Amino acid sequence: MGNIVTVGPHECCIVSGGCCGTQGKSYVIGGWAWAWWCVSQVDKISLRVMTLTPSISSVETKEGVAVTCSGVAQVCVMKDPQMLEFAAEQFVGKSQAQLEEIILQTIEGHFRAILGTMTVEEIYSDREGFAKNVRAIAGPDVSKMGIRIISFVIQNITDNVEYLKSLGVKRAAEVKRDAEIGVANSSAISGSKTAEAERERMEAKYACDALVAENKRSYELKQAEYTQEVNMKKAEAELAYELQAAKEQQSIKDEKMQIEVVERRKQIDIEEQEVLRREKELYCQKRAPAEAESQKVGILAEAQKSKTLAIATADAVATKALGAAEAFQIEALGKAEAQQMSQKAAAYNQYGDAAIMSLILESLPKIAAEVASPMNKIDDIVMVSGNDGSMSSEVTRLLAELPPSVQALTGLDITKALEQIPGVQKA
């Protein structure tokens, strides 16, 4: 069993031990991780930006002037997996205050070392360069701890011997002197520039007057040319008007002729339509009834043909159905008789000669009836015998010849079959 550990985007969760093995660790940023009870260790490191204020006091510069400097640094833990591993090795188990103190001490150490290699003038005049040096030298060291310096700026520089103030006074005097020299030079240059400007103004005025006179002359010439051109255009316009009027008159005549042509064409079309109308009228009065009668006769003949064909088809279907029914009946009777014969054959096969004997005995009356049926038409019977001619002797002889005849016809010995019947004794 275990727990689910969640972290926001500003934290990194480190899960070690458990299923991670002796060397493995799991780093999760802005998500969740599973931690086993008793065998997993869960630690968290903040990824938020940390604001540090490194400050060093009474540090001698390159020229031996003791100064006090302070700055502002923005640092944070890097999200790269290797850098997170460095940060975890260095800071897991430490509080946020301890982490900030370690980074602050590292930055202040490099701050102090760089300050000893520069003059006061270099520090004061090039603060950005000083801050870049601190970031460039301190950056690799803090990156070994998984920390990145986002920004570093110098905030304040002071000294106890008023060295910076003296530099300011000197610089102020230099600036004041340069300003007075600049004012004098500006006054001299201003007078010269004023005279030069006045000369240029007069030259420009005269040039403008000459240009105005030239433009006036050009204007008057252009105006005369425009007037002549306007008169010419007026004359051309009057001639063009007369020519256009003549063209319009000719166009009107052409249009009138076209209208007459169109009217004549319309009249021809009307006459053609009248001819077509009369043809259609004659068609409707004479030809259409004849065609209708012809179509009527054709339709009636086709209907009679369809009727005859339908009747013949129905008769054929009925005949076919009747034949199919009779065939089915005959087939059913044949199947029934075949089944009966099969059952009889099975019974005969089961009971042997006794069954066959029973069948023969059942058939003998029918055979006798069929044999005797022709005798119904005989009026008198004359018995001819070579012996004494008695009826009894002839009947006895016929009965004695019956078993061999039956055996010859059926292959069954009636005498033996009768002997096998229980209760029958041999004579």
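Residues numbered from 1 in each chain as written. Predicted model: local features only at pLDDT ≥ 70, side-chain atom pairs only at ≥ 80, totals over all residues. Heavy atoms only, no water.

Just checking my understanding: could you explain the overall build of the protein chain for this structure?
Scanning the protein chain from N- to C-terminus turns up eight helices and nine strands. Evaluated residue by residue, the protein chain yields a buried proportion of 18% over its 427 residues. For the protein chain, restricting intrachain contacts to residue pairs at least 6 apart in sequence, the fraction spanning at least 24 positions comes to 65%. Entry remark: accessible area of the protein chain is about 31700 Å², with carbon and sulfur atoms responsible for 58%. (Helix = DSSP H or I, 4+ residues; strand = E, 2+ residues; numbered from the N terminus. Buried < 20%, exposed > 50% of the residue type's maximum accessible area, 1.4 Å probe, protein only. Contact = heavy atoms within 4.5 Å. Areas by Shrake-Rupley, 256 points an atom, 1.4 Å probe, with all protein chains shown as cover.)

Can you walk me through the packing of aromatic side chains in this structure?
With the rule as written, the count across this model stands at two aromatic pairs. An angle of 40° between the planes, with centres 5.3 Å apart, marks the rings of Phe111 and Phe130 as tilted. Linking Phe111 in helix α2 (residues 96–115) with Phe130 in helix α4 (residues 127–143), this pair joins segments that are 19 residues apart in sequence. There is no split in this pair, since Phe111 and Phe130 are both buried. Aromatic rings pair up to connect Phe111, Phe130 and Phe152 into one cluster. (Phe/Tyr/Trp six-rings, centres within 6.5 Å; stacked < 30°, edge-to-face > 60°.)

Sorry if this is basic, but what is going on with helix α1 (residues 81–91) here?
Owing to its 3.6 residues per turn, the α-helix aligns residues three or four sequence positions apart on the same side. Restricting attention to buried positions, one finds in α1 the residues Met83, Leu84, Ala87, Ala88 and Phe91. Buried residues of α1, viewed axially, fall in a sector of 140°; they line one side. In this structure, α1 carries Pro81 and Glu89 as exposed residues pointing more than 90 degrees from its buried face. Looking at where α1 begins, the residue whose side-chain oxygen comes 3.2 Å from the main-chain nitrogen of Gln82 is Asp80. Backbone geometry just after α1 places Gly93 at a positive phi near 95°. (Arc of directions from axis to C-beta. Polar contact = N/O pair within 3.5 Å; in protein donor to acceptor, adjacent residues only side chain to side chain.)

I tried to follow the pattern of salt bridges on my own but got confused; where do I start?
Note that side chains of opposite charge can pair when their charged atoms are close. Inspection of every chain in the model, using the stated rule, returns eight salt bridges. Note that Glu128 is salt-bridged to Arg135, the shortest N-O span being 3.5 Å. Residue classification places Glu128 among the partly exposed positions, given a relative accessible area of 42%. Of the charged contacts in the structure, one is a salt bridge between Arg199 and Glu203, with a shortest N-O distance of 2.7 Å. Taken as a pair, Arg199 and Glu203 lie in helix α5 (residues 163–351) at a separation of four residues, close to a single helical turn. Of the residues examined, Glu203 reaches a relative accessible area of 45% and is grouped as partly exposed. Three or more residues are tied together by salt bridges with common partners; here these are Glu196, Arg199 and Glu203. (Salt bridge = Lys/Arg side-chain N within 4 Å of Asp/Glu carboxyl O.)

What exactly am I supposed to notice about the packing of α2 against α4 here?
For any two helices packed against each other, the geometry is given by the interaxial angle and the distance between the axes. Remark: α2 packs on α4, axes separated minimally by 9 Å, with the N-to-C direction vectors making an angle of 135°. With respect to each other, α2 and α4 are oriented oblique. When you trace α2 past α4, the crossing you get is right-handed. For the pair formed by α2 and α4, the contact residues are Thr106, His110, Phe111, Ile114 and Leu115 on the first element and Phe130, Asn133, Val134, Ile137, Ala138, Asp141 and Val142 on the second. Considering only residue class, the contact of α2 with α4 consists of eight nonpolar, three polar and one charged. (Axes fitted to C-alpha atoms, helices over the stretch in contact; angles between N-to-C directions. Parallel < 35°, antiparallel > 145°, perpendicular 65-115°, else oblique. Left-handed = near helix turned anticlockwise from the far one by under 90°. Nonpolar A, V, L, I, M, F, W, Y, C, P; charged D, E, K, R; others polar.)

Hey, could you run me through the pairing of strand β2 (residues 11–17) in this one?
In summary, the side chains of a regular strand alternate between the two faces of the sheet. Among the seven residues that make up β2, five are buried, leaving the element largely enclosed by the rest of the structure. Sheet analysis places β2 next to strand β5 (residues 40–46), joined by seven bridges and oriented antiparallel. Across the sheet, the residue bridging to Ser16 is Gln41, located in β5. Sheet analysis places β2 next to strand β3 (residues 25–29), joined by five bridges and oriented antiparallel. Bridging from a neighbouring strand, Ser16 pairs with Lys25 of β3. (Pairing = 2+ DSSP bridges.)

Is there a simple way to explain a negative patch on the surface in this structure?
A contiguous patch of negative charge on the surface is contributed by Glu63, Glu121, Glu122 and Asp126. The residue Glu63 is located in the loop between β7 (55–60) and β8 (66–77) in this model. (Patch = residues over 30% accessible without salt bridge, like charges linked within 9 Å, V, L, I, M, F, W, Y side chains within 5 Å. Lys, Arg positive; Asp, Glu negative; His and termini not counted. Charge placed at Lys NZ, Arg CZ, Asp CG, Glu CD.)

Where do I start with the sheet that holds β3 in this structure?
Paired through backbone hydrogen bonds, the strands of a sheet run either parallel or antiparallel to each other. Taken in spatial order, the three strands make up an open sheet running β3-β2-β5, and their pairing is antiparallel. Both edges of this open sheet fall to β3 and β5, since each of them pairs with a single strand only. Looking at each pair of strands side by side, their axes are set apart by 20° on average, direction ignored.

Got a minute to help me understand the nonpolar core in this structure?
Core analysis: the biggest nonpolar cluster contains 39 residues, and Val75, Ile103, Phe111, Leu115, Phe130, Ile147 and Phe152 have the highest contact counts within it. Here this core gets seven residues from one element, more than from any other, and that element is α2. Ignoring sequence-local partners within four residues, the contact set of Leu115 consists of Ile56, Val59, Glu60, Thr61, Lys62, Val67, Cys69, Ile123 and Phe130. Val5, Val15, Val28 and Ala35 belong to the second-largest nonpolar core, a separate cluster that totals seven residues. (Core = buried A, V, L, I, M, F, W, Y, C linked by side-chain atoms within 4.5 Å.)

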